[in-house]
Amino acid sequence: MDLQIEGRVALITGASKNLGRQIAIQLASEGARIIAVARDENALELLLSELPGPKNNHLILGIDLLEEGGVSQLISSLKNSNFSPDIVIHNLGGSLKVVDPFSEVEKWNIVWQYNIGVAIAINNFVIPRMVEKHFGRIIHISTLSTQSQQGYAPYVSAKYALEGYVKTVSQTVSQHNVVINAIAPGLLDIEDRYYGRMKRENLPKLNEYFSHYLPIKRMGSLEEIAILVTFMASQHSSFMPGSIIRIDGGGR
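Residues numbered from 1 in each chain as written. Predicted model: local features only at pLDDT ≥ 70, side-chain atom pairs only at ≥ 80, totals over all residues. Heavy atoms only, no water.

Attention shifts here to the overall build of the chain. Along the backbone of the chain there are nine helices and seven strands. For 252 residues, the compact-globule formula gives about 18 Å, and the C-alpha radius of gyration of the chain, at 18 Å, lands near that figure. Taking the principal axes of the C-alpha coordinates as reference, the chain spans close to 50 × 40 × 40 Å. Evaluated residue by residue, the chain yields a buried proportion of 48% over its 252 residues. Here the contacts in the chain between residues at least 6 apart in sequence split such that 70% fall between residues at least 24 apart. Counting only carbon and sulfur atoms, one obtains 51% of the accessible surface of the chain, whose full area is about 12400 Å². Between the centroid of the 23 positive side chains of the chain and the centroid of its 24 negative side chains there is a distance of 4 Å. (Helix = DSSP H or I, 4+ residues; strand = E, 2+ residues; numbered from the N terminus. Rg over C-alpha atoms; globule rule 2.2 N^0.38 Å. Buried < 20%, exposed > 50% of the residue type's maximum accessible area, 1.4 Å probe, protein only. Contact = heavy atoms within 4.5 Å. Areas by Shrake-Rupley, 256 points an atom, 1.4 Å probe, with all protein chains shown as cover. Lys, Arg positive; Asp, Glu negative; His and termini not counted. Charge placed at Lys NZ, Arg CZ, Asp CG, Glu CD.)

Structural data, given as structure tokens:
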């Protein structure tokens, strides 16, 4: 299948490791030009060395988007480059270890900013340019927790807000072939995460979890998520604006 991604410019946040890194590699393998954004410049340099195609096809930006002025720095870098994103993958997110549902509002705000605020600020810059080109694909990484209602309250509530944002804003821009959606992964096999460590250290406990919650009896791979993201970044997703796509192995 020709995904018609070759030559498209794809901006990926949180691109230096795990899912963001795999998405960058997958999109580049389809001929996309990558703008990889993350805090860890060394990891970005390593990623650049592994991306297919000429290295000047891609751009790495070592920016902490959660720091004050981080998004402005990104936007300035884009304005000063010859890279205008056709595709944006919002892979930034997490709980930031804010686990107490009665945490101070300031901590909730930081989690909200991390999971949705940064993405909105970037979208406000890129969407008008996508509308002018009559092509844009914006994919947010959400979570299965909005379905299961399991997880830390600040994080899960931010992802609920993200999915509401996707569904409503997509209605405004879909007529211009700018498709905004979200992908909600389930349990992923990531080595340095809780269940990744359990796989190495306590397999019986992991199998017990599978028997209760995941009948497929395995975790998803980063490559499986990246392949779906790549399809959603293509012209073939044009009839899917505002979709929240679960990819969770049938978990419950």
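Our focus in this paragraph is helix H4 (residues 105-133). With 29 residues, H4 extends 40 Å from end C-alpha to end C-alpha; this agrees with the ideal 42 Å at 1.5 Å per step. In the structure, H4 departs most strongly from a straight axis at Gln113, where the bend amounts to approximately 55 degrees. Count one or two residues on from H4 and you reach His134, which has phi positive near 60 degrees. (Expected span 1.5 Å × (residues − 1). Bend = angle between axes of the 7 residues up to and from the residue.)

Another aspect to go through is the packing of aromatic side chains. Any two aromatic rings considered together are summarised by their centre-to-centre distance and by the angle between their planes. In total, this model carries two aromatic pairs according to the counting rule given. Both rings, one in Tyr209 and one in Phe210, keep their centres 6.4 Å apart while their planes meet at 65 degrees; by these two values the pair is edge-to-face. Residue Tyr209 is classed as partly exposed on the basis of its relative accessible area, which comes to 22%. The exposure class of Phe210 is buried, given its relative accessible area of 5%. Relative to Tyr213, the ring of Tyr209 lies with its centre 5.0 Å away and its plane at 40 degrees, an arrangement referred to as tilted. Here Tyr213 and Tyr209 lie together in helix H8 (residues 203-213), a separation of four residues that amounts to about one turn. Taken together through their ring pairs, the aromatic side chains of Tyr209, Phe210 and Tyr213 make up a single cluster. Its end group placed over the ring of Phe135, Arg8 keeps NZ or CZ at 3.7 Å from the ring centre. Across the ring face of Phe83, the terminal group of Arg33 is positioned such that the distance to the ring centre comes to 4.3 Å. (Phe/Tyr/Trp six-rings, centres within 6.5 Å; stacked < 30°, edge-to-face > 60°. Lys NZ or Arg CZ within 6 Å of the ring centre and 35° of its normal.)

Attention now goes to the environment of Thr168. With respect to the helices, strands and loops of the structure, Thr168 is situated in helix H6 (residues 153-173). When the C-alpha positions of Thr168 and Gln73 are compared, they lie 28 Å apart, and in sequence the two are 95 residues distant. At 2.8 Å, the side chain of Thr168 forms a polar contact with the backbone oxygen of Gly164. Only 3.3 Å separates the side chain of Thr168 from the backbone oxygen of Tyr165, close enough to count as a polar contact. (Polar contact = N/O pair within 3.5 Å; in protein donor to acceptor, adjacent residues only side chain to side chain.)

Attention now goes to the nonpolar core. Counting residues in hydrophobic clusters, the biggest one holds 33 residues, and the most contacted among them are Ile12, Ile23, Leu27, Ile34, Ile89, Ile183 and Val229. Among the elements of the structure, strand E1 (9-13), helix H1 (18-29), strand E2 (33-38), helix H2 (41-50), strand E4 (87-90), strand E5 (136-141) and helix H9 (222-232) are those that each provide at least two residues to this core. Considering every element that reaches this core, the biggest residue donor is H9, with six residues. Each residue touching Ile12, except ones within four places of it in the same chain, is listed here: Gly20, Ile23, Ala24, Leu27, Ile34, Ile35, Ala36, Val37 and Ile89. Within the second largest apolar cluster, 30 residues are counted, among which are Leu61, Phe83, Ile122 and Val126. (Core = buried A, V, L, I, M, F, W, Y, C linked by side-chain atoms within 4.5 Å.)

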